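Residue-level structure breakdown
The lines below spell out each chain.
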Amino acid sequence: MSLFRVAALLIMCGIALSATPQNSATTPAAQPDDIPKSIAESVSGTLQFAEGNFIGLAETMPEDKYSYIPTVGKYDGVRSFGEQVKHVACAQFAFFNEFEGKKPPEDCEKGGHDPAKSKAELIKYLKDSFDYSNRVLATLTANNALDRVEGRYAGPNTKLGISVIAVWHITDHYGQLVEYLRLNGIVPPMTQKYGLKVR
């Protein structure tokens, strides 16, 4: 059989199969609770997942390792583990201050103005920033999603855009802190939970 005939036969079979009506008894119906019901929920599910993973890292690292900075590799001028946690907390306040049209903290690159220093204080600061983020994000709607946002942290942007940046920012630092944990012989909680193995 020639290549042309095989190709023609495959095309005809494809047309015949695509014309066959779907049996509604075998096609699962979409569940109304399977997907977010609003723009805010569309972003908040991912935000809360990222927040939970980040808090897991912060809670897992021993307090005496909060001053840890990697020395193997190129880590000149990087933040310590605790400074990273403080930076993420400050940035969450900053992003969502801008979302609300408020003045954000001016020094999040250095952890911000909050006096938190101990592990317990930093985790409280982090959780407070996540609670605030979620309260503000809940006000995101189809009507205001494209409203302009100004500010030095990811502005100019839109309310939707800065919300997405807030998610990205947490995941960026999560990836960095996974290395800090592993360099200290600690398996990240998410990996422990799901037993993720490459080999």
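Below: a short report on this structure. (Residues numbered from 1 in each chain as written. Predicted model: local features only at pLDDT ≥ 70, side-chain atom pairs only at ≥ 80, totals over all residues. Heavy atoms only, no water.)

Let's talk about the overall build of the protein chain
Secondary structure summary: the protein chain contains 6 helices and 2 strands in total. If you list the helices and strands of the protein chain from N to C, you get α-α-α-α-β-β-α-α. Partitioning the contacts of the protein chain with sequence separation of at least 6, the portion at a separation of at least 24 is 71%. Here the protein chain has roughly 12300 Å² of accessible surface; of this, 59% comes from carbon and sulfur atoms. (Helix = DSSP H or I, 4+ residues; strand = E, 2+ residues; numbered from the N terminus. Contact = heavy atoms within 4.5 Å. Areas by Shrake-Rupley, 256 points an atom, 1.4 Å probe, with all protein chains shown as cover.)

Here we look at the pattern of salt bridges
The final tally for this structure, using the stated rule, is 7 salt bridges. Lysine 103 is the partner of glutamate 106 in a salt bridge, and the nearest nitrogen-oxygen pair spans 2.3 Å. As far as burial versus exposure is concerned, glutamate 106 and lysine 103 are alike and both exposed. (Salt bridge = Lys/Arg side-chain N within 4 Å of Asp/Glu carboxyl O. Buried < 20%, exposed > 50% of the residue type's maximum accessible area, 1.4 Å probe, protein only.)

Comments concerning the state of the cysteines
Under the defined criterion, the tally for this structure stands at 1 disulfide. Across the disulfide from cysteine 90 sits cysteine 108; the S-S distance is 2.0 Å. Its S-S torsion of about -70° marks the bond between cysteine 90 and cysteine 108 as left-handed, since a negative value means left-handed. In this pair, cysteine 90 is assigned in helix α3 (residues 81-99) and cysteine 108 in the loop between α3 and α4 (119-137), connecting sequence segments 18 residues apart. Residue classification places cysteine 90 among the buried positions, given a relative accessible area of 0%. (Disulfide = S-S within 2.5 Å.)

As for the nonpolar core
Core analysis: the biggest nonpolar cluster contains 47 residues, and Phe54, Tyr66, Phe81, Val85, Phe96 and Leu126 have the highest contact counts within it. If you list the elements that add at least two residues to this core, you get α2 (39-60), α3, α4 and α5 (159-183). Of the residues forming this core, the biggest block, 11 residues, is contributed by α3. If sequence neighbours within four positions are ignored, phenylalanine 54 has contacts with Gln84, Val85, Val88, Leu126, Phe130, Ile170, His173, Tyr174 and Leu177. (Core = buried A, V, L, I, M, F, W, Y, C linked by side-chain atoms within 4.5 Å.)

A word on α2
Spanning 22 residues, α2 covers 32 Å between terminal C-alpha atoms, matching the ideal 32 Å at 1.5 Å per step. Residues of α2 that are buried include every one of Ala40, Val43, Ser44, Leu47, Ala50, Glu51, Asn53, Phe54, Ile55, Gly56, Leu57 and Ala58, and no others. Turning to α2, the residues buried within the fold contact α3, α4, α5 and α6 (189-194). (Expected span 1.5 Å × (residues − 1).)

Here's the deal with the packing of α3 against α4
It is the contact of α3 with α4, at a shortest axis distance of 9 Å, that shows an interaxial angle of 25°. Between α3 and α4, the crossing angle belongs to the class labelled roughly parallel. Crossing hand, α3 versus α4: left-handed. In contact with Gly82, Val85, Lys86, Val88, Ala89, Cys90, Gln92, Phe93, Phe96, Asn97 and Phe99 of α3, α4 contributes Leu122, Tyr125, Leu126, Asp128, Ser129, Phe130, Tyr132, Ser133, Val136 and Leu137. Grouping the constituent residues of the contact of α3 with α4 by class yields 14 nonpolar, 5 polar and 2 charged. (Axes fitted to C-alpha atoms, helices over the stretch in contact; angles between N-to-C directions. Parallel < 35°, antiparallel > 145°, perpendicular 65-115°, else oblique. Left-handed = near helix turned anticlockwise from the far one by under 90°. Nonpolar A, V, L, I, M, F, W, Y, C, P; charged D, E, K, R; others polar.)

Things to note about the side chain of asparagine 134
With respect to the helices and strands, asparagine 134 occurs in helix α4. Reaching out from asparagine 134, the side chain makes a polar contact with the side chain of glutamate 51 at a distance of 2.8 Å. Not counting residues up to four positions away in its chain, the partners in contact with asparagine 134 are Ser44, Leu47, Gln48 and Glu51. (Polar contact = N/O pair within 3.5 Å; in protein donor to acceptor, adjacent residues only side chain to side chain.)

Points about α3
With 19 residues, α3 should reach 27 Å at 1.5 Å per residue; the first-to-last C-alpha distance of 27 Å fits that figure. Burial analysis of α3 places 18 of its 19 residues in the buried class, the great majority of the element. Positive backbone phi, approximately 80°, marks glycine 101, located one or two places after α3.

Details of the environment of histidine 173
Tracing the backbone shows histidine 173 in helix α5. On a C-alpha basis, the gap between histidine 173 and valine 88 in space is 7.5 Å, while along the polypeptide they are 85 residues apart. Non-local contacts of histidine 173, meaning those with residues more than four positions away in its chain, are made with Phe54, Arg79, Gln84, His87 and Val88. Engagement of the side chain of histidine 173 in a polar contact is seen with the side chain of glutamine 84, the distance being 2.5 Å.

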